[in-house]
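The lines below spell out each chain.
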Amino acid sequence: MSTPACRIAAVQMVSGPDVEANLAEAGRLIAEAAAAGARLVALPEYFPLISGDETAKVRIREDEGGGMIQSFLREMASAHKVWLVGGSCPMAASTPDKVRNSTLVFDDEGRRVARYDKIHLFGFRKGEEYYDESATIEPGDDVVSFEGPCGQVGLSICYDLRFPELFRAMGTVDLIVLPAAFTYTTGKAHWELLLRARAVENQCYVLASAQGGRHPSGRRTFGDSMIIDPWGEVIARLPEGPGVVVADLDPARIADVRASLPALKHRKIG
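Throughout what follows, the structure given in this document is the object of discussion. Numbering of residues begins from 1 in every chain and follows the order in which that chain's sequence is written. Totals for whole chains, interfaces and linings use every residue, but because this is a predicted model, local features are given only for residues with pLDDT of at least 70 and side-chain atom pairs only at 80 or more, for both listing and counting. Hydrogen atoms and water are omitted, and side-chain values are computed over all heavy atoms in the structure.

1. Some remarks on the nonpolar core
- For the purposes of this section, nonpolar cores are sets of buried Ala, Val, Leu, Ile, Met, Phe, Trp, Tyr and Cys residues that join through side-chain atoms within 4.5 Å. Think of it in three bands: with a 1.4 Å probe and only protein chains considered, a residue is buried below 20% of the maximum accessible area for its type, exposed above 50%, and partly exposed in between. Ranked by size, the top nonpolar core spans 49 residues in total, and within it L40, L155, L175, W191, L195 and L207 carry the most contacts.
- Contact between two residues is taken to exist if any of their heavy atoms lie within 4.5 Å; hydrogens are not considered. Beyond its immediate stretch of four places on either side in the chain, L40 contacts R7, I8, A9, W83, V85, F146, P149, V153, L175 and L207.
- V11, I30, L43 and M76 belong to the second-largest nonpolar core, a separate cluster that totals 27 residues.

2. Observations regarding the packing of aromatic side chains
- Here a Phe, Tyr or Trp ring, Trp counted by its six-membered ring, pairs with any other such ring whose centre lies within 6.5 Å, and the pair is stacked when the planes are under 30 degrees apart, edge-to-face when over 60, and tilted otherwise. Tallied over the entire structure, the rule returns eight aromatic pairs.
- Seen from their ring centres, W83 and F146 are 6.1 Å apart, and the 5° between their planes marks the pair as stacked. Of this pair, W83 sits in strand β3 (residues 83-85) while F146 sits in strand β9 (residues 145-148), placing them 63 residues apart in sequence.
- In this structure F146 comes out as buried when scored by relative accessible area, which is 6%.
- Grouping aromatic residues by their ring pairs yields a cluster made of F122, F124, Y131, Y159 and F163.
- We note R220 situated over the ring of Y184; from NZ or CZ to the ring centre the distance is 3.7 Å. Put simply, DSSP H or I for four residues or longer makes a helix, DSSP E for two residues or longer makes a strand, and each gets a number counted from the N terminus. Criterion for a charge above a ring: Lys NZ or Arg CZ within 6 Å of the ring centre, and within 35 degrees of the ring normal.

3. Topic: the packing of helix α1 (residues 19-35) against helix α3 (residues 68-80)
- A fitted line through C-alpha atoms serves as each axis, taken over the contacting stretch for helices, and the angle formed by two N-to-C directions is quoted from 0 to 180°. Their axes nearest at 11 Å, the elements α1 and α3 cross at an angle of 20°. The angle between the axes of α1 and α3 places the two elements in the roughly parallel class. You can see that α1 and α3 cross each other, and the crossing is right-handed. Contact residues: V19, E20, L23, A26, G27, I30, A31 and A34 in α1; M68, F72, M76 and H80 in α3. An angle counts as roughly parallel when it lies under 35 degrees, as roughly antiparallel when it exceeds 145, as roughly perpendicular when it falls between 65 and 115, and as oblique in every other case. Should the near helix be turned anticlockwise from the far one by less than a right angle, the crossing is left-handed, and should it be turned clockwise, the crossing is right-handed.

All quantities given are derived from atomic positions and should not be read as evidence of function.
Written out as structure tokens, the structure is:
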């Protein structure tokens, strides 16, 4: 008997500086995804807060296991009976002036089943546009995947997308989840290109949940949340603005791609 398809969803947001308002909007969109039949739902990077003050996230960071953001994720997963990939949350770091940018995963009973701390920290300078995540974020060290309702799931965040060795280190996965807040400049140039490459290289589905629009701070994120199949085909997308992207992860599609082009078995390095 073939394994049935599993519906997955990416939530796209345009988060602002009000944490409670962002959580309310995330809750609305999670409910929409659940109503569409999704079993696994992913929020975008920085879903609780995007502020013009980069130190604002340090002031709302949470200790492991406690805090308003973690309680929200736990309750949403349990209430809507979905596996919830919590975008990224500001978690306590080893120094008081930084955070860990962490993806927390809760199962459909509200149990925390995985945590991934963003390894690669974004830095970019072009004209007046400047970003340096290392000023407020402490990098993680560990590659993380977990067994979910749609098979083996690898976790990554935003800038990680540019480092294919991270995804190879996950081993064989059925789904890569990548919450992001890509800048408009870099997203326009490379977002879809890199996402499709990761799907093709790893012969798996990719679920990218993004911030997408003009934020109250004036920052513009690229958006274009999408779901990509193992052949690199974009099967669902939302260019800009808040909303939900839904598609079915089909294990038979993964098996067919890997059988016809067994590139993962042909690897010689690593």
